[in-house]
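# Coordinate inspection notes
These are the residues of each chain, in order.
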Amino acid sequence: MKIEFWTVGKAHEPYIKEGIELFAKRIASYYPVEWKIIPLLKNAASLSETEGKKKEGEIILALLKKEDYLVLLDERGKQLSSEELATFIQQRANESIRTLIFLIGGAYGVSDTVIKRANYQWSLSKLVFPHQLMRLILSEQFYRACTINRNEKYHHS
């Protein structure tokens, strides 16, 4: 199973990039992993929130393949413990999912069409985090789940 982390926005900030690269390297011991940064719309300032989400949604949907399993990070999604995330990931692997994609949407979220396309909606927290920080938290939590599934000494219950 290949893991892809997608995010709408700017390139990783230097203070975040170092951590993301560290966890990506660690995750690569378990699964092939890749980050895809979907650039902000060039004319975003001239678009309404709804129009912006719609255009970003069209880009996201065009990048997705029919067989991709899309996990949308959304504040209204289901919250999981680290152990539950590990189980979720293992279940997808057992289902022979080829590509598991975790999507962090734009500043205003994602369009309804992307929400409908998502196979799962996951909320990391009831708190709101900056997008850059979400990338690092997602990377670390995914790595933590991998170590849980392998019974390694990273996570302490």
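Here, the structure is the one placed above.
Criteria and thresholds
- Residues numbered from 1 in each chain as written.
- Predicted model: local features only at pLDDT ≥ 70, side-chain atom pairs only at ≥ 80, totals over all residues.
- Heavy atoms only, no water.
- Phe/Tyr/Trp six-rings, centres within 6.5 Å; stacked < 30°, edge-to-face > 60°.
- Helix = DSSP H or I, 4+ residues; strand = E, 2+ residues; numbered from the N terminus.
- Buried < 20%, exposed > 50% of the residue type's maximum accessible area, 1.4 Å probe, protein only.
- Expected span 1.5 Å × (residues − 1).
- Contact = heavy atoms within 4.5 Å.
- Pairing = 2+ DSSP bridges.
- Axes fitted to C-alpha atoms, helices over the stretch in contact; angles between N-to-C directions.

### Some thoughts on the packing of aromatic side chains
- Applying the stated criterion across every chain yields a total of 11 aromatic pairs.
- Arranged with centres 5.9 Å apart and planes meeting at 45°, the rings of F23 and Y143 form a pair that is tilted. With F23 in helix α1 (residues 14-27) and Y143 in helix α5 (residues 131-149), this pair connects stretches of sequence that are 120 residues apart. For the pair shown, F23 and Y143 are each scored as buried.
- Relative to Y120, the ring of F88 has its centre 4.6 Å away and its plane inclined at 40°; by these criteria the two rings are tilted. Taken together, the residues F88 in helix α3 (residues 82-94) and Y120 in strand β5 (residues 120-123) connect sequence positions 32 residues apart.
- Through pairs of rings, three or more aromatic residues link up here, namely F5, Y31, W35, F102, W122 and F142.

### A few points about α5
- In this model, α5 (19 residues) spans 27 Å end to end at C-alpha, consistent with the 27 Å of a helix rising 1.5 Å per residue.
- Two residues or fewer past α5, N151 is found with a positive phi of approximately 60°.

### Examining the environment of I137
- Within the secondary structure, I137 is located in helix α5.
- Sequence separation between I137 and L124 is 13 residues, and the spatial gap between their C-alpha atoms is 8.6 Å.
- The residues touching I137, leaving out its near neighbours within four places in the chain, are L124 and F129.

### As for the sheet that holds strand β3 (residues 69-79)
- Across the sheet, which stays open at both edges, the five strands sit in the order β2-β1-β4-β3-β5 with parallel pairing between neighbours. The open sheet terminates on both sides in strands that have one partner only, identified here as β2 (33-38) and β5. When strand polarity is set aside, the average angle formed by the axes of neighbouring strands in this sheet is 30°.
- Here six bridges tie strand β1 (residues 2-8) to β2, and the two strands are oriented parallel to one another. Within β2, the position partnered with T7 by the bridge is I37.

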